[in-house]
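Survey of secondary and tertiary structure
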Amino acid sequence: MEDNISRLSFIRKVNDEAFEQLKQMHEEGNLEFAKTLDIDIETLWDDRTYNIIKNYDIYSVRIANEKYKLTQKDYDRLKFVSKIIFVDYYDKNIVKDNNPGIIPQNNMYKMGIEKESPEKNSNYYYTFHITKKLRDFEIENIIRKLNRFNDKNILTELQIDIYEINYVYKLIKTLKEKGLNDSTKISLIGYEEEDKINIEKYDIISNYNNPTYILSTDYYPELEAMKTSYYIEYIEYFLDTVQKYELKKYVNYLKELHLKPNEIIVKLVELLEQIEDEKKNIPQEVVDEAKRLEKKLNELTDKKTK
């Protein structure tokens, strides 16, 4: 039964076909929601969907509409939310009466609570999705927010859903110079064809202490999808050609793309010697790197012989 459960992370502008799917999952009892449900106001006021989702104990909701200000009327409609509503702005006169708390995003980022991985016992993170270029005061606001979370031992992740390496490099450099803690994870999106000429900047970013990873594709439509989505962690799980790398490993991978066959042979021999020395206690990453180099060598050799 566990494998059949659908954990929805967003519901927006539900058409008839989507509603029928939602209704079927609800009636069959295999519908659950992710820790944060992203929903737009239009869908919230669609009685068809509302009459389904109001039956569920949903931990938190993110209102998708840009620059939207939460009203008392919409807040009352969200009583099925058990803990938190993430919204750009809200009417300060809202009467809460022990209903969900409100966390404003001030149109700087989009917040959510997500799992580190699909595994059942995986940690939860508060995520901050950056989808637009930020002004200095906005950067300082984000740093304060992230550092406050981490001071309370709450895990955080900064997801930069922008593909412009010069800006991303400058942003992360500024974040660190202005005091971003080392505990916040950072995720980036990448495009292999362009990243090959920006190795130096990625290399510098990878040397900060923050755990940093990149979701990279060589398929342009998926790059565009990641640039306009708040859900890159779900793209990671469901799109076949998106690869997740620790940033340091991604830098090494990009460097390998520039290697000549004789340079790959030297590296491969060194790895094979390491594997031979360590015998049974071979780190999996060493084996993986050896396989990757061998594959790259074969590709280069094949091209040369054709």
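Our subject is the structure listed above.
The paragraphs below set out a description of the structure included in this document. Treat the numbers as computed from the prediction; the structure is a model and nothing was measured. (Residues numbered from 1 in each chain as written. Predicted model: local features only at pLDDT ≥ 70, side-chain atom pairs only at ≥ 80, totals over all residues. Heavy atoms only, no water.)

Our focus in this paragraph is the pairing of strand 11 (residues 185–191). Taking burial as the measure, the seven residues of strand 11 include seven buried ones, the bulk of the element. Where burial is concerned, the two faces of strand 11 agree: the one with Lys185, Ser187, Ile189 and Tyr191 and the one with Ile186, Leu188 and Gly190 are both buried. As paired elements, strand 10 (residues 156–160) and strand 11 share three bridges and run parallel to each other. Following the sheet pairing, Leu158 is matched in strand 11 by Ile186. In this region the chain leaves strand 10, passes through helix 6 (residues 165–177) and returns to the parallel neighbour strand 11; the handedness of that crossover is right-handed. (Buried < 20%, exposed > 50% of the residue type's maximum accessible area, 1.4 Å probe, protein only. Helix = DSSP H or I, 4+ residues; strand = E, 2+ residues; numbered from the N terminus. Pairing = 2+ DSSP bridges. Right-handed = clockwise from strand over helix to strand, strands pointing away.)

Strand order in the open sheet made by the six strands is 8-9-10-11-12-13, with mixed pairing throughout. Among the strands making up the open sheet, the edge pair consists of strand 8 (110–115) and strand 13 (243–246). When the angles between neighbouring strand axes are averaged without regard to direction, this sheet yields 25°. Alignment of strand 9 (residues 124–130) against strand 10, held across five bridges, turns out to be parallel. (Axes fitted to C-alpha atoms, helices over the stretch in contact; angles between N-to-C directions.)

Summarising the element assignment, Ser216 is placed in strand 12 (residues 212–217). Polar contacts involving the side chain of Ser216 include one to the side chain of Tyr250, which spans 2.9 Å. When sequence neighbours within four positions are dropped, the list of residues in contact with Ser216 reads Gly190, Tyr191, Glu192, Asp195, Thr241, Val242, Gln243, Tyr245 and Tyr250. (Polar contact = N/O pair within 3.5 Å; in protein donor to acceptor, adjacent residues only side chain to side chain. Contact = heavy atoms within 4.5 Å.)

We now examine unusual backbone geometry. Residues other than glycine seldom take positive phi values, yet Lys67 does so here, at roughly 60°. If you trace the backbone, Lys67 turns up in the loop between strand 3 (58–63) and strand 4 (69–70). Here Lys67 falls in the exposed class, since its relative accessible area comes to 60%. The phi torsion at Asn106 lies on the positive side, around 55°, for a residue other than glycine. For Asn106, a relative accessible area of 29% puts it in the partly exposed group.

Attention now goes to the environment of Lys115. Within the secondary structure layout, Lys115 lies in strand 8. Sequence separation of Lys115 and Thr127 is 12 residues, and the distance between their C-alpha atoms is 9.6 Å.

The nonpolar side chains of soluble globular proteins are, as a tendency, buried together. Residues Met111, Tyr126, Phe128, Leu158, Ile160, Leu188 and Tyr202 are the most contacted members of the largest nonpolar core, which totals 46 residues. Top contributing element to this core by residue count: helix 6, with seven residues. The contacts of Leu188, once residues within four sequence positions are left out, are Ile160, Val168, Ile172, Tyr202, Thr212, Tyr213, Ile214, Leu215 and Leu247. Within the second largest apolar cluster, 29 residues are counted, among which are Ile58, Tyr68, Phe80 and Ile102. (Core = buried A, V, L, I, M, F, W, Y, C linked by side-chain atoms within 4.5 Å.)

Further remarks concern the packing of aromatic side chains. By the definition in use, this model includes 12 aromatic pairs. Each ring, one from Tyr126 and one from Phe149, has its centre 4.7 Å from the other, and the planes form 40°; the classification is tilted. Of this pair, Tyr126 sits in strand 9 while Phe149 is found in helix 5 (residues 136–151), placing the two residues 23 residues apart along the sequence. Arranged with centres 5.8 Å apart and planes meeting at 80°, the rings of Phe128 and Phe149 form a pair that is edge-to-face. Highlighted residues: Phe128 in strand 9 and Phe149 in helix 5, separated in sequence by 21 residues. For Phe128, a relative accessible area of 0% gives the class buried. When its relative accessible area of 12% is taken as the criterion, Phe149 is described as buried. Lying over the aromatic face of Tyr90, Lys92 brings its terminal NZ or CZ to 4.7 Å of the ring centre. (Phe/Tyr/Trp six-rings, centres within 6.5 Å; stacked < 30°, edge-to-face > 60°. Lys NZ or Arg CZ within 6 Å of the ring centre and 35° of its normal.)

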